[in-house]
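# Observations on chain architecture
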Amino acid sequence: MRVVFVHGACVRDGSWWWHRAAAALREHGISSVAPALPSCGEGDRPAGPRGPGLPDDVDAVRAVLTERDEPTVVVAHSYGGVVAAEAVVGVGTVRHVVLVSSYLPEPGESLSTFGADAPPPFLDFDPDGGTFGARPELFAETFAQDCPPDIVRDAAARLVRQTLAVTWQPVRAAAWHDLPTTYVVCAEDRGTPAAAQREFARRADKVVEVGAGHHPFLSQPRTVADIIANLR
């Protein structure tokens, strides 16, 4: 079995975000990979009004999913759940989807479907520039309050501007309808409130709650690895 990790919004270098959980998974004999998301500028086109969007992210993840013929678990975080919802559809090797503090969209829904009337204070939107991003000065207290200081520092260095269009581009399909799905609720998340996560989790087959912030794969990597390794 291998794991395909899909990172969240406004960051680059997916392999780094998952590296602690990936190391713990290797102890279980499980390999992993983390595709780059073009809408985060991880490619040959910068984010922006004419930059890559959700369809490009879907294509990038799907390309990795279909490059090898072996049983696969997809683990998606936050915005990554939107990407995975469509990217996984019809990929016969995928056995399970794990959503971590994530969105489970129905076809036709987008990130904006789940947004509040007012933008959250920890995000910065630039409609003219066609991008959005996490406010660096609020990153640690919002998204990484339970992570070691060196992890917080290295994580903050990987914040990027992302193509704004991904917030309203809808998914065209929802793979979680047809696959076993586990939702990991992060009870101490200050970015996506636990109450909202529990509502998303109603769409999943199984729910696991952990006492962690927005990035449990950085703060509690063994917990996340054990959840994945023990899937049935």
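This text follows the structure it describes.
Reading guide: rules and limits
Residues numbered from 1 in each chain as written. Predicted model: local features only at pLDDT ≥ 70, side-chain atom pairs only at ≥ 80, totals over all residues. Heavy atoms only, no water. Pairing = 2+ DSSP bridges. Helix = DSSP H or I, 4+ residues; strand = E, 2+ residues; numbered from the N terminus. Phe/Tyr/Trp six-rings, centres within 6.5 Å; stacked < 30°, edge-to-face > 60°. Buried < 20%, exposed > 50% of the residue type's maximum accessible area, 1.4 Å probe, protein only. Contact = heavy atoms within 4.5 Å.

### Details of the sheet that holds strand E7 (residues 162–163)
Paired through backbone hydrogen bonds, the strands of a sheet run either parallel or antiparallel to each other. Spatially, three strands are ordered E5-E6-E7 in an open sheet, and the strand pairing comes out antiparallel. Each having just a single partner strand, strand E5 (123–126) and E7 make up the two edges of the open sheet. In this sheet, E7 lies alongside strand E6 (residues 131–134) in antiparallel orientation, the contact comprising two bridges. Across the sheet, residue Phe132 finds its bridge partner in E7, namely Gln162.

### Re the packing of aromatic side chains
Under the counting rule described, the total for this entry stands at 10 aromatic pairs. Ring geometry for Phe125 versus Phe132: centroids 5.6 Å apart, planes at 10°, classification stacked. Note on Phe125: relative accessible area 33%, which makes it partly exposed. Each member of the aromatic cluster is reached from another via a ring pair, and the members are Trp16, Trp17, Phe122, Phe139 and Phe143.

### Focus: the environment of Ala60
Counting through the fold element by element, Ala60 comes out in helix H3 (residues 54–65). Looking at Ala60, the relative accessible area reads 19%, which means it is buried. With residues near it in sequence (within four places) discarded, Ala60 still touches Pro35, Ala36 and Pro38.

Just geometry here; none of it tells us what the structure is for.
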